[in-house]
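The chain contents come next:
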Protein chains: 2
Amino acid sequence: MKSSRLLVSLAAFVIFCGCSTVRFDPAAERERLLRRDAEWAAAAAEGKDVSKIVSYWTDDAVVVPPGQPIVEGKAALRTFVDASLKMPGFSIRWKSEKPAFSPDGKMATLQGSNEMTMTGPDGKTISLKGRSVTVWRLEPDGQWRCAIDIWNDPPPATPAAK
Amino acid sequence: MKSSRLLVSLAAFVIFCGCSTVRFDPAAERERLLRRDAEWAAAAAEGKDVSKIVSYWTDDAVVVPPGQPIVEGKAALRTFVDASLKMPGFSIRWKSEKPAFSPDGKMATLQGSNEMTMTGPDGKTISLKGRSVTVWRLEPDGQWRCAIDIWNDPPPATPAAK
């Protein structure tokens, strides 16, 4: 009797154990993470709702913009986004791909490319392209959020053939 | 008899299960990853052993150097390192910090700063500083290797006060 009770407890634990490893479905999670990033990109491209844009980063997120100081934490990120959106002619768009996950499906990376445009002092449009890497965490509320966000400039445009 | 055999099997599975989740010791792994990165930095700073330098990346690693094409995979990385080490006066040094892990301890990130120096066409030393993010994977042989490697330029040096 005692041993069969133990057996039931062990079976329950094994099922729990099994569930916690089986839970991660790579194909579904790839889809979910890419969709989440695309939603974020859409909110950023729209450039209106700062709270929404900022909500895709973790509270402790680190953003490393080329040629600018590192921005760390939600409050600083809000200021950063706010200031960006106020720049004359500012807009941003990006597209990410190549999701890669930790074996437990709780940390992930995306690679992507982005483009920022703004109006220069001479009234001309400035366009800055970049290649990005983002690191994501699946947070306790079941939502993916970006914890590290870095990009840099692509090679200079190929000069015309001589 | 049958049930006690099942019990033993279940117990073994539970132990296996338990081990695979308990195995990750964050403090020890932080130490181990930082030491591994420091070894890599030392090999790169020495700038002699291309095979050793390249061995710290995963076979499918992606390196995103600012202003240069993305370098992907071991063979391309070997060519990239080889070409860098052949540049006149080339040297590189870096230091990483802030290790962060996936809950299973099998994926990690480091943040860091680096400096590359080389001799310019006029014979003067050029120094390029950067802020880096690296993503690491604990590979089946139990070794941490870098899977994504990106950095960008810091803000321009502060101009002298007016």
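Residues numbered from 1 in each chain as written. Chains lettered and ligands numbered in written order. Predicted model: local features only at pLDDT ≥ 70, side-chain atom pairs only at ≥ 80, totals over all residues.

### A closer look at the nonpolar core
Residues Ala61(A), Trp136(A), Ile150(A), Ala61(B), Trp136(B) and Ile150(B) are the most contacted members of the largest nonpolar core, which totals 52 residues. Excluding residues within four positions of it along the chain, Ala61(A) makes contact with Leu77(A), Cys146(A), Ala147(A) and Asp149(A). (Core = buried A, V, L, I, M, F, W, Y, C linked by C-beta atoms within 7 Å. Buried ≥ 20, exposed ≤ 12 C-beta atoms within 10 Å, placed from the backbone. Contact = placed C-beta atoms within 7 Å.)

### Remarks on the sheet that holds strand 6 (residues 144–152) of chain A
Residue and element names in this part refer to chain A. Taking strand neighbours across the sheet as the criterion, the 6 strands line up as 2-1-6-5-4-3 in an open arrangement whose pairing is mixed. Each end of this open sheet is capped by a strand with a single partner; those strands are strand 2 (71–72) and strand 3 (91–101). Note that strand 1 (residues 57–64) and strand 2 share 2 bridges and pair antiparallel. Considered in strand 2, the bridge of Val-62 is made with Glu-72. Relative to the sheet, helix 2 (residues 26–46) contacts strand 3, strand 4 (107–119), strand 5 (125–138) and strand 6, its axis offset from that of strand 3 by approximately 170°. The strands that helix 4 (residues 74–86) touches are strand 1 and strand 2; relative to strand 1, the one it contacts most, it runs at about 55°. (Pairing = 2+ DSSP bridges. Helix = DSSP H or I, 4+ residues; strand = E, 2+ residues; numbered from the N terminus. Axes fitted to C-alpha atoms, helices over the stretch in contact; angles between N-to-C directions.)

### Side note on the environment of Ala76(A)
All names here are of chain A. Here Ala-76 shows up in helix 4. Exposure remark for Ala-76: the 15 C-beta atoms within 10 Å place this residue in the partly exposed category. Separated by 77 residues in the primary sequence, Ala-76 and Asp-153 have C-alpha atoms spaced 23 Å apart.

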